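Letter by letter, the chains look like this.
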Amino acid sequence: MITQERIRAVVEKVAQKPVPADPEESLFDSGVLDSFALPDMIGELEKEFHVKVPDADLTPRKFDSVARIADYLSVHAS
Amino acid sequence: MAFLRAFGSYVPARVVANAELAASLGCEPDWIFSVSGILERRYAAESESVVDLAVQAATNCLTRVPGAEVGLVIVSSGSAERRFPGPAAETASRLGMAGTPAIDLPVASAGSIFGLALGAKLAAAFGRVLLIATEKMSAVIARPPQDRNTAILFGDGAGACLIDPEQGAAEVVDSCLHSDGSFAENLRLEFDRPLHMDGRVVILQASRKVPAVIRELLERHRIPAASVGTFLMHQANQNLIAKIAQGLEVPPEKFYSNIARYGNTSSASLLIAAAEWNALGRFRTEEPVVFAGFGAGFHWGALLVVGT
């Protein structure tokens, strides 16, 4: 099951920083992610949720917050 | 069949260290290094053109093969001073090759990898192919409004490679090229505007596409990435090079890097790196070496060679 808690755990594992309480808050603006942590985070999300993110979907906007990640995974993850 | 016969390079004399750039951009020198791995870069003089840089690099290359006849000149540049003619014909003429066909390859950072792959195919038809990649990125990033995040990255320089249909230090085995215009807006240079780069998109895409194209190429020949002796990459950003090494699960030490000294010289960077690496006599018999690049378009690709 896709939950924001599982997503938070993945993001925190990669970023080694606490994720903002507000799921809508930008992971970039809050300093949790930078450009080079983003590919790692998406890789970990793919493993955790058994989903393959195609290159066409590899845009930072889709993975900018816990809420957006949850939206994406709810459509694409099994 | 085609071989990499000789390499050459040229970087302008003026060294611009992070401290100088940081003062003008309002940032810290250490920040520049931490986000890019760059310590300094070279800037051409105002009077120097991309053709001037190209002629220097090509001359440096051709002195290694005295009297070599060239059947085709390819010049890669994304920062040429005018729309047309591109720098290829003028470069060829200044090298004493007026009359030799000369074509431009304006695909920015991926220009060298495309030029190597295409040149290797064309050598059978034209004879020796002189590939030159030349960039004056300092002129591009100086255009207002200046973007600090891109201004810190780029430098000027040129590299060259003589591709020979008959002999050389390394034989070209195969290549793999791709283009996808879906992200054209994310990395672009418009007339009289500064370079626009959405770094997050570029890094995200490159960190996937470059390992994937290298794997695609190596799998055709059943070569594990771990068996590759050296990876010669477009020198975009040290952190990106590390990310690509991670994606291929190979030690980053296998990736030759000179970005600390020259910054990102766009298409020139791959050939400058190859020239420096080759000058150390690094090609080994039967050892695979992979060239790879990625840039605006997006265009990306990889080339497999083995030492002869």
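Residues numbered from 1 in each chain as written. Chains lettered and ligands numbered in written order. Predicted model: local features only at pLDDT ≥ 70, side-chain atom pairs only at ≥ 80, totals over all residues. Heavy atoms only, no water.

Novice: Sorry if this is basic, but what is going on with the overall build of chain A here?
Specialist: Summing up its helical and strand segments, chain A has 3 helices and 0 strands in all. Its helices and strands taken in sequence order, chain A reads α-α-α from the N to the C terminus. Scaling as 2.2 N^0.38, a compact globule of 78 residues should have a C-alpha radius of gyration of about 12 Å, and chain A matches this with 11 Å. Per-residue burial over chain A gives 50% buried out of 78 residues. Looking at chain A alone, contacts between residues at least 24 apart form 52% of all its contacts between residues at least 6 apart. A total accessible area of about 4,000 Å² is found for chain A, and carbon and sulfur atoms account for 50% of it. Charged side chains of chain A number 9 positive and 15 negative; the gap between the two group centres comes to 3 Å. (Helix = DSSP H or I, 4+ residues; strand = E, 2+ residues; numbered from the N terminus. Rg over C-alpha atoms; globule rule 2.2 N^0.38 Å. Buried < 20%, exposed > 50% of the residue type's maximum accessible area, 1.4 Å probe, protein only. Contact = heavy atoms within 4.5 Å. Areas by Shrake-Rupley, 256 points an atom, 1.4 Å probe, with all protein chains shown as cover. Lys, Arg positive; Asp, Glu negative; His and termini not counted. Charge placed at Lys NZ, Arg CZ, Asp CG, Glu CD.)

Novice: Explain the overall build of chain B here, please?
Specialist: Of the regular secondary structure elements, chain B holds 11 helices and 14 strands. For chain B, the C-alpha radius of gyration of 18 Å lies close to 19 Å, the compact-globule estimate for 308 residues. Residue pairs at least 24 apart in sequence account for 78% of intrachain contacts in chain B once pairs closer than 6 positions are excluded. Just so you have it, chain B exposes about 12,200 Å², and 51% of that area is on carbon and sulfur atoms. For chain B, the centre of its 26 positive side-chain charges and the centre of its 30 negative side-chain charges are spaced 2 Å apart.

Novice: Sorry, what's going on with the packing of helix α2 (residues 37-49) of chain A against helix α8 (residues 199-220) of chain B here?
Specialist: Helix-helix packing is characterised by the crossing angle of the two axes and by the distance between the axes. Between α2(A) and α8(B), whose axes approach to 9 Å, the crossing angle comes to 55 degrees. One finds that α2(A) runs oblique with respect to α8(B). Across from A:Leu38, A:Pro39, A:Ile42, A:Gly43 and A:Glu46 in α2(A), the residues of α8(B) making contact are B:Ile203, B:Leu204, B:Ser207 and B:Arg208. Classifying every residue of the contact of α2(A) with α8(B) gives 5 nonpolar, 2 polar and 2 charged. (Axes fitted to C-alpha atoms, helices over the stretch in contact; angles between N-to-C directions. Parallel < 35°, antiparallel > 145°, perpendicular 65-115°, else oblique. Nonpolar A, V, L, I, M, F, W, Y, C, P; charged D, E, K, R; others polar.)

Novice: Hey, could you run me through the packing of helix α1 (residues 4-15) of chain A against helix α3 (residues 66-76) of chain A in this one?
Specialist: Residues and elements named next belong to chain A. At a minimum axis separation of 10 Å, α1 and α3 run at an interaxial angle of 115 degrees. The crossing of α1 and α3 is right-handed. Within the contact between the two elements, α1 uses Gln-4, Ile-7, Arg-8 and Val-11 and α3 uses Val-66, Ala-67, Ile-69, Ala-70 and Leu-73. (Left-handed = near helix turned anticlockwise from the far one by under 90°.)

Novice: What should I look at first to understand the packing of aromatic side chains in this one?
Specialist: Think of a pair of aromatic rings as described by two things: how far the centres are apart, and how the planes are tilted against each other in angle. For the structure shown, the criterion picks out 8 aromatic pairs over all chains. Consider the rings of B:Phe183 and B:Phe298, whose centres lie 5.5 Å apart with planes at 20 degrees: the pair is stacked. Remark: B:Phe298 occurs in the loop between β13 (288-295) and β14 (299-307) and B:Phe183 occurs in the loop between β8 (170-179) and β9 (187-188); sequence separation between them is 115 residues. Of the residues examined, B:Phe183 reaches a relative accessible area of 5% and is grouped as buried. Since its relative accessible area comes to 0%, B:Phe298 is described here as buried. Every member of this aromatic cluster is reached through a ring pair, and the members are B:Phe7, B:Trp277, B:Phe283 and B:Phe291. Its guanidinium or amino end placed over the ring of A:Phe28, B:Arg200 lies 3.9 Å from that ring's centre, counting from NZ or CZ. Sitting above the plane of the B:Trp300 ring, B:Lys209 keeps its charged end 5.0 Å from the centroid. (Phe/Tyr/Trp six-rings, centres within 6.5 Å; stacked < 30°, edge-to-face > 60°. Lys NZ or Arg CZ within 6 Å of the ring centre and 35° of its normal.)

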